[in-house]
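One letter stands for each residue in the lines below.
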Amino acid sequence: IKKIAVLTSGGDSPGMNAAIRAVVRSCAYHNLEAVGVYRGLQGLIEGDFKELGPRSVKNIINRGGTFLKTARSQEFKTKKGRAKAYKSLVDSNIDALVAIGGDGTFTGCKIFYEEFNFPIVGLPGTIDNDINGTDYTIGYDTALNTVVESIDKIRDTANSHNRLFLIEVMGRDAGDIALNAGIGAGAEEILIPEQNLGRDRLLDSLKKSKKSGKSSSIVVVAEGDQIGKNIFQLAEYIKENLTEYEVKVTVLGHIQRGGAPSCFDRVLASRLGVGAVDALLDGKKNIMIGLVHNKIVHVDFGKGLEGENKIDIDLIRVADITSV
Ligand code: F6P
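Being a predicted model, the structure only gives us computed values, none of them experimental. (Residues numbered from 1 in each chain as written. Predicted model: local features only at pLDDT ≥ 70, side-chain atom pairs only at ≥ 80, totals over all residues.)

A.B. asks: Lay out the UniProt feature "domain: Phosphofructokinase" (unreviewed entry) in the chain with the relevant residues and their values.
C.D. replies: UniProt records the feature "domain: Phosphofructokinase" (unreviewed entry) for residues 3–280 in the present numbering. When the span residues 3–280 is considered, its composition is 44% helix and 17% strand, and the gap between its end C-alpha atoms is 11 Å. (UniProt positions renumbered as here; feature names shortened; annotations may be inferred. Helix = DSSP H or I, 4+ residues; strand = E, 2+ residues; numbered from the N terminus.)

Laid out in structure tokens, this is it:
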């Protein structure tokens, strides 16, 4: 292997820049050439490449987003699109690819590898933490901190007005952000797709807590939760059935994807980036680099990534107990 390309694909996440930097500098360390691919898998199709040296990635470890830009490519889902991408790589004498992204990216990469036997290593980059085979994805910790900081601010006003706030957080089909940020921000109730609480149990619980002397309440709702899917309807339902509270809704939205990465995400991204180049030099391909029990692991793109989301159910108990 002489030349490695790196790209970011799917939704951006804080720490992606740190991961690119680690890949590029690892290449420099091992005397390999590094190439940045702009706009993810779409840029791969279009051959939107730029040579990167260790100085090209200066002053980015602290920056959110991805300087290589990202995209969700529809064309890469077609055989024709992937064939164009392969041609771009071969034309530029690229020997291997590091793809930083989420499950959509990995699905595309797996098919691409099967079709062209082209060496690819994936790095999990998404705020959702919904990738099996790693305890943490790049960007998740920063998103948690952003959510907790935002909820702390909402708590100030909720408490001043004796209001109930429903706060919607991201996570796609996974409840990791909601559950962990909910515990961290001291939420009253947390609605996640992995556990169907039901509107009436939610109502009962809110009534009980009102009786127990609570003057305001925070309910964190994962965007993928069944009853939370239409958070404004849920708010109406609560208003009709729980008149003691004034109910407000806040949808945190894309604020959760931005901002400077936390130290945890910077270190995680650096370790995974170095791990990716190490793996390629070791002849590994068609794998994701993950972190399990604080150790770097190699996870097969196929089996390793399949299965249900790995939420820690014990955390639900912790949330229940600490919100009494
Ligand atoms: O996968 C990251 C994520 O931010 C999800 O949490 C969210 O559902 C989705 O992307 C939003 O996608 P977009 O930025 O395309 O609206």
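More follows now that the structure is in view.
A.B. asks: Describe in detail the sheet that holds strand E9 (residues 246–251), supporting the description with residues and values.
C.D. replies: The strand order E7-E8-E6-E9 describes an open sheet built from four strands, whose pairing is parallel. Looking along the sheet, the strands with just one partner apiece sit at the ends: strand E7 (189–191) and E9. Direction aside, neighbouring strands of the sheet carry axes that sit 20° apart on average. Contacting strand E6 (163–169), E7 and strand E8 (217–222), helix H6 (residues 176–184) crosses the sheet at an angle of about 160° to E8. On the sheet, helix H8 (residues 231–241) packs against E6, E8 and E9 and is oriented at approximately 170° with respect to E9. (Pairing = 2+ DSSP bridges. Axes fitted to C-alpha atoms, helices over the stretch in contact; angles between N-to-C directions. Contact = placed C-beta atoms within 7 Å.)

A.B. asks: I'd like a rundown of the site of the ligand, residues and numbers included.
C.D. replies: Taken together, Gly11, Gly102, Thr126, Ile127, Asp128, Met170, Gly171, Arg172, Glu223 and Arg257 make up all the residues around the ligand. Class assignment for the residues of the shell around the ligand results in two nonpolar, four polar and four charged. (Near = placed C-beta within 6 Å. Nonpolar A, V, L, I, M, F, W, Y, C, P; charged D, E, K, R; others polar.)

A.B. asks: Account for the nonpolar core, with residues named and values stated.
C.D. replies: Among the nonpolar cores identified, the biggest contains 54 residues, and Val6, Ala19, Val23, Val98 and Ala276 are the most heavily contacted of them. The element contributing the most residues to this core is helix H1 (residues 16–29), with eight residues. What Val98 contacts, discounting residues up to four positions off in sequence, is Ile4, Val6, Val23, Val121, Leu123 and Ala276. (Core = buried A, V, L, I, M, F, W, Y, C linked by C-beta atoms within 7 Å. Buried ≥ 20, exposed ≤ 12 C-beta atoms within 10 Å, placed from the backbone.)

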